[in-house]
Amino acid sequence: NAVLTVTVLAVFYMIGFAVDASRFDRPIIGAVDVGSPAEKAGLVPGDEILAIDGQTLPSWEEAQYQILLSPEKALDLRVRRGGEERDVVVRSEATSKERVGRIGVHPLVRVGEVLPGAPAEAAGLRPDDGILRMDDVAIETFYDIPPIVQGADGRALLLQIWRDGERLDLSITPRDDGSGLRIGISPKTVLKKFGPPQAVGEAVRWSWEMTRQTFDVLGRLVTAQISPKTMMGPLGIAQASGDAARGGAGSLFFLVAVISLQVGILNLLPLVPLDGGHIAILTLEGVARRDLSPTVKAWVMNAGAAMIFLLIGLVLYSDISKLDFVRNLIP
């Protein structure tokens, strides 16, 4: 499982792929949902989340991970606004479907490229500017922008942007380039491409981080900090596989790598009849320098099998409860 995961990821890193730059950006808030816990706590676009529950957060990826795994919990946020830092308590919500945490904030949508001679350049827009609002609509992702531009019908649009810690207002008039109205900007992305040794190293690093997060999630499941509905079983995997296949071979192979890693980790849990259970028994016998009695082994195997069947039941329940036609019929 580990070899398959690292091999697939290493090939991806050698081929190269672009990812949304917001994942690696500082956790500066770009949009706040109306009525969300973040809005009720007084968070506004432009605030930077420095830490959650005392853990420093260098990127949005880290911040979103902490929020997702903290449903219905009071979170202590350290926030920077302007040049001042302050502490804010935000009570997270749990999404109705996956039962993961949310507070209603979105990353800053940054401009990657401004085409020469385009309306964006004429309006004074620069690469790395963050777009907060366009035509008085909060921008949550870059893909919120094209429909607004297409609907401008030749009139000027008011942009509110974030640049070097300050809010600025710009006016921009879309121009028809023959295929529709455009303003001449592209989203900011980060290219992940390495030579063979570095690609293998990045694949191993990513696999290790995913392993750490998996054990973190398992710990939170066991201690009831998050719902079993966050787990994905056969039905969820089938649906995800179909979505990935429609997204192309790259998405499908990436899903295969992720599932392979998860299967390998779960197989090492100290439950018989999993490999981890057999390893645990052999280790215990090695330390004791004698074999366990057949009766003890039978009890251990029965208990492990019961735990496995319970886990299967929980995962199937999680999958079925997410189906649209049964979501309102079961808790």
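Calculation criteria
Residues numbered from 1 in each chain as written. Predicted model: local features only at pLDDT ≥ 70, side-chain atom pairs only at ≥ 80, totals over all residues. Heavy atoms only, no water. Helix = DSSP H or I, 4+ residues; strand = E, 2+ residues; numbered from the N terminus. Expected span 1.5 Å × (residues − 1). Buried < 20%, exposed > 50% of the residue type's maximum accessible area, 1.4 Å probe, protein only. Contact = heavy atoms within 4.5 Å. Axes fitted to C-alpha atoms, helices over the stretch in contact; angles between N-to-C directions. Parallel < 35°, antiparallel > 145°, perpendicular 65-115°, else oblique. Left-handed = near helix turned anticlockwise from the far one by under 90°. Pairing = 2+ DSSP bridges. Core = buried A, V, L, I, M, F, W, Y, C linked by side-chain atoms within 4.5 Å. Salt bridge = Lys/Arg side-chain N within 4 Å of Asp/Glu carboxyl O. Phe/Tyr/Trp six-rings, centres within 6.5 Å; stacked < 30°, edge-to-face > 60°.

(A) View of helix H9 (residues 275-288). A rise of 1.5 Å per residue sets the reference length of H9, with its 14 residues, at 20 Å; its end C-alpha atoms lie 20 Å apart and thus fit the reference within 8%. Listed as buried for H9 are Gly276, Gly277, Ile281 and Glu285. Where H9 is buried, its residues touch helix H8 (249-267) and helix H10 (294-321). Phi turns positive, to about 60 degrees, at Arg289, one or two residues after H9.

(B) Spatial organisation of the environment of Glu48. Structurally, Glu48 can be placed in strand E3 (residues 48-52). Given a relative accessible area of 8%, Glu48 falls into the buried group. Note: C-alpha distance between Glu48 and Val79 (31 residues apart in sequence) is 5.5 Å. Beyond its immediate sequence surroundings of up to four residues, Glu48 is in contact with Arg26, Pro27, Ile28, Arg78, Val79 and Arg80.

(C) Geometry of the packing of helix H1 (residues 2-15) against helix H6 (residues 196-222). Put simply, H1 and H6 touch, their axes get as near as 8 Å, and they point 130 degrees apart. By the angle between their axes, H1 is oblique relative to H6. Handedness of the crossing formed by H1 with H6: right-handed. Every residue of H6 that contacts H1 at Thr5, Val6, Leu9, Ala10, Tyr13 and Met14 is listed here: Pro196, Ala199, Val200, Glu202, Ala203, Val204, Trp206 and Ser207.

(D) How the structure looks around the sheet that holds strand E5 (residues 74-81). Strand order across the open sheet formed by 4 strands is E4-E3-E5-E6, with antiparallel pairing between neighbours. Edge strands, defined here as strands with exactly one partner in the open sheet, are strand E4 (55-56) and strand E6 (84-91). Note that E3 and E5 share 4 bridges and pair antiparallel. When the sheet's bridge partners are listed, Ile52 is paired in E5 with Leu77. Helix H3 (residues 60-68) rests against E3 and E4 of the sheet, and its axis sits at about 55 degrees to E3.

(E) Structural context of the nonpolar core. If you look at the biggest cluster of nonpolar residues, it comprises 22 residues, and the most contacted ones within it are Leu125, Met134, Ile145, Leu157, Leu159 and Ile185. For this core, the secondary structure elements donating two or more residues are strand E10 (109-114), helix H4 (119-123), strand E11 (130-134), helix H5 (145-150), strand E13 (157-163) and strand E14 (166-172). Ignoring anything within four residues of it in the chain, the contact list for Met134 reads Ile139, Ile145, Ile148, Val149, Leu157, Leu158, Leu159 and Ile183. Membership of the second largest hydrophobic core comes to 17 residues, among which are Ile29, Trp60, Ile67 and Ile103.

(F) Geometry of the pattern of salt bridges. All told, the structure shown has 19 salt bridges when counted by the stated rule. A salt bridge links Arg80 to Glu48; the shortest N-O distance between them is 3.1 Å. One end of the pair, Arg80, is in strand E5; the other, Glu48, is in strand E3, with 32 residues separating them in the sequence.

(G) The arrangement of the packing of aromatic side chains in detail. Scanning the model with the defined rule gives 6 aromatic pairs in all. When the centroid spacing of 6.5 Å and the interplanar angle of 50 degrees are considered together, the rings of Phe12 and Phe254 count as tilted. You can see Phe12 sitting in helix H1 and its partner Phe254 sitting in helix H8, a full 242 residues away along the chain. Given a relative accessible area of 35%, Phe254 falls into the partly exposed group. Plain terms: the ring middles of Tyr13 and Phe194 are 5.7 Å apart, the flat faces sit at 65 degrees to each other, and that makes the pair edge-to-face.

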